[in-house]
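Fold and contact review
So you can see what is in the structure, the chains are spelled out below.
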Amino acid sequence: MSAELLKGKPIADGMIEELKKEIENLKEKHKVTPSLASVLVEGDPASKSYAGRQQKSAAKVGIEYQLHELPSDISQQKLIDFIAEINKDDNVNGIILQMPLPDGIDSYRVQSTIAMKKDVEGITPANMGLIVYDRPRLCPCTALGAIKMVEASGVDIYGKDLTVVGRSAIVGRPAALLMLQRKYSATTTICHTGTAKSGKLPEHVGRADILIVAAGSPELVKGEWVKEGSVVVDVGFNWIDGKTVGDVEFEVAKERAAYITPVPGGVGPLTVAILLQNTVEATKWQME
Ligand code: NAD
């Protein structure tokens, strides 16, 4: 039997409609228009077009989007100084630092200087730390998107075996930590390159009632490893011969899983919606 597809767009559309109402309310009752400052160090055409898409989506929901384009030869200190300025600016509710940064700039060092309450990508050590303490506020957008897809399946997560493949700071690791929250209480395994080397990846994948894969390796997870009746969320986004391919061997996996995200069209469309939602959350946090 073929799995039910978990598509991101209808969920993102629903979130956008909710956000519109919430932003209208913030404007009417509190005279506040959430605003998002996007810091783009010039040099990467892909991140420029990504920022353009964010700007369009922000306009749709009524969020003000300020694009700050900085020269590609900017020093790390100048970039940190710029962020310090917008941290202080009361007209800025959210800050997004577009990646990648030019060689020679330590992205962790720069990201860490973003004010906690304006960190709409949830990437500062302070916001990551809140997840560890089971008190998340602003969470990494794609990790949260993966969780939303699992929730969209309607499957009861509590006590289930979850395997996350990938341990990056923006996807795999926070997704696993979010699923450890008491409200989900998934029994969580995190796999990474060390697991692959040990040859135990099929075993950990095969045990998973819920599988989240964010490895950036095309069809790394073979369909035959996937547990029958499981929920499979494939975050992977790889270009192969002009086609987008996920990290899971979709055609085989969909015959075993109960729910599966397609690539493209799964987690991807949720990321921008969550960024906008985080901007509203940040605005409200600043008003507390
Ligand atoms: P990353 O390269 O930072 O991290 C990949 C992780 O996977 C690493 O922790 C590594 O240990 C693990 N890994 C790599 N190869 C492995 C293997 N063979 N076996 C086991 N583990 C392995 O990548 P990332 O930023 O976390 O992104 C992961 C994927 O998600 C990429 O394909 C990326 O394009 C995609 N992504 C999609 C969105 C979106 O849809 N909006 C957003 C972010 C990332």
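The next subject is the overall build of the protein. Tallying secondary structure elements over the protein gives eleven helices and eleven strands in all. Here the protein, with 288 residues, has 48% of them falling under the buried criterion. Here the protein displays about 13,800 Å² of accessible surface, and carbon together with sulfur accounts for 52% of that area. Within the protein, one finds 33 positive and 37 negative side-chain charges whose respective centroids are separated by 3 Å.

Here R256 is to be found in the loop between α10 (250-253) and β11 (259-260). For the pair R256 and G229, spaced 27 residues apart in sequence, the C-alpha to C-alpha distance is 6.3 Å. Residues within four places of R256 in sequence aside, it is in contact with G223, E224, V226, K227, E228, G229 and S230. Of note is the side chain of R256, whose polar atom sits 2.6 Å from the backbone oxygen of V226.

This brings us to the nonpolar core. Membership of the largest hydrophobic core comes to 53 residues, with the highest contact counts inside it found for I63, M179, I212, V233, V235 and L276. Residue contributions to this core reach at least three from each of two domains, namely domain 1 (31-118) and domain 2 (141-260). Residues contacting I63, with those up to four places away along its chain left out, are I23, P34, S35, L36, A58, L276, T279 and V280. Formed by 18 residues, the second largest nonpolar core is a distinct cluster that contains I74, L79, I86 and I105.

Along the polypeptide, K31 turns up in the loop between α1 (8-30) and β2 (35-41). In this structure K31 comes out as exposed when scored by relative accessible area, which is 71%. For the pair K31 and W225, spaced 194 residues apart in the sequence, the C-alpha separation amounts to 53 Å. At a separation of 3.0 Å, a polar atom in the side chain of K31 contacts the main-chain carbonyl oxygen of E28.

Turning our attention to the domain arrangement of the protein. Each domain of the protein was delimited in the assignment, giving domain 1 (31-118) and domain 2 (141-260). Computed from C-alpha coordinates alone, the two centres of domain 1 and domain 2 are separated by 30 Å.

Time to look at unusual backbone geometry. Omega for the bond connecting M99 with P100 falls within 30 degrees of zero, at 0 degrees, which places this linkage in the cis form. Across the junction of V263 and P264, the peptide omega takes the value 0 degrees, indicating a cis bond. Here P264 is to be found in the loop between β11 and α11 (270-287).

Reading across from one edge, β1-β11-β8-β7-β5-β6 is the order of the six strands in this open sheet, with parallel pairing throughout. With one partner strand each, in any of the chains shown, β1 (4-5) and β6 (187-191) form the two edges of the open sheet. Of the strand pairs in this sheet, strand β8 (residues 231-234) and β11 are connected by two bridges, and their pairing is parallel. The residue of β11 that forms the bridge with V231 is Y259.

Another aspect to go through is the site of the ligand. The environment of the ligand is formed by 20 residues, the closest being R167, S168, G216, F237 and T271. Residue T193 places a main-chain N or O atom 3.4 Å away from an oxygen atom belonging to the ligand. In the complex, 70% of the free accessible area of the ligand, which totals 850 Å², lies under the protein chains.

Here the focus is the side chain of Q98. Here Q98 lies in the loop between β4 (94-97) and α4 (107-111). Side-chain polar atoms of Q98 contact the side chain of Q54, separated by 2.8 Å. If we ignore the near neighbours within four places in the chain, the residues touching Q98 are S38, V39, L40, S47, Y50, A51, Q54 and Y65.

Let's shift gears to the pairing of strand β5 (residues 161-165). The buried count for β5 comes to four of five residues, which makes it a mostly enclosed element. Pairing geometry for β5 and β6, over five bridges, is parallel. The residue of β6 that forms the bridge with V165 is C191. Taking the sense of rotation as the criterion, the β-α-β connection linking β5, helix α7 (residues 172-179) and β6 turns out right-handed. When β5 meets strand β7 (residues 210-213), the two strands line up parallel, connected through four bridges. Paired with V165 across the strands is V213, a residue of β7.

Let us now look at the pattern of salt bridges. Side-chain pairs of opposite charge can arise whenever the charged atoms involved come near each other. Under the criterion given, the structure shown has twelve salt bridges. Among the salt bridges present, the one from K20 reaches E17, with a minimum N-O distance of 3.3 Å. Taken as a pair, K20 and E17 lie in helix α1 at a separation of three residues, close to a single helical turn. With a relative accessible area of 42%, E17 lands in the partly exposed category. For K284, the salt bridge is made with E281, and the minimal N-O distance between the two is 3.6 Å. Placement of both K284 and E281 in helix α11 is noted, with a separation of three residues, approximately one turn of the helix.

Reading guide: rules and limits
- Residues numbered from 1 in each chain as written.
- Predicted model: local features only at pLDDT ≥ 70, side-chain atom pairs only at ≥ 80, totals over all residues.
- Heavy atoms only, no water.
- Helix = DSSP H or I, 4+ residues; strand = E, 2+ residues; numbered from the N terminus.
- Buried < 20%, exposed > 50% of the residue type's maximum accessible area, 1.4 Å probe, protein only.
- Areas by Shrake-Rupley, 256 points an atom, 1.4 Å probe, with all protein chains shown as cover.
- Lys, Arg positive; Asp, Glu negative; His and termini not counted.
- Charge placed at Lys NZ, Arg CZ, Asp CG, Glu CD.
- Contact = heavy atoms within 4.5 Å.
- Polar contact = N/O pair within 3.5 Å; in protein donor to acceptor, adjacent residues only side chain to side chain.
- Core = buried A, V, L, I, M, F, W, Y, C linked by side-chain atoms within 4.5 Å.
- Domains from an automatic or database assignment.
- Pairing = 2+ DSSP bridges.
- Near = heavy atom within 4 Å.
- Right-handed = clockwise from strand over helix to strand, strands pointing away.
- Salt bridge = Lys/Arg side-chain N within 4 Å of Asp/Glu carboxyl O.

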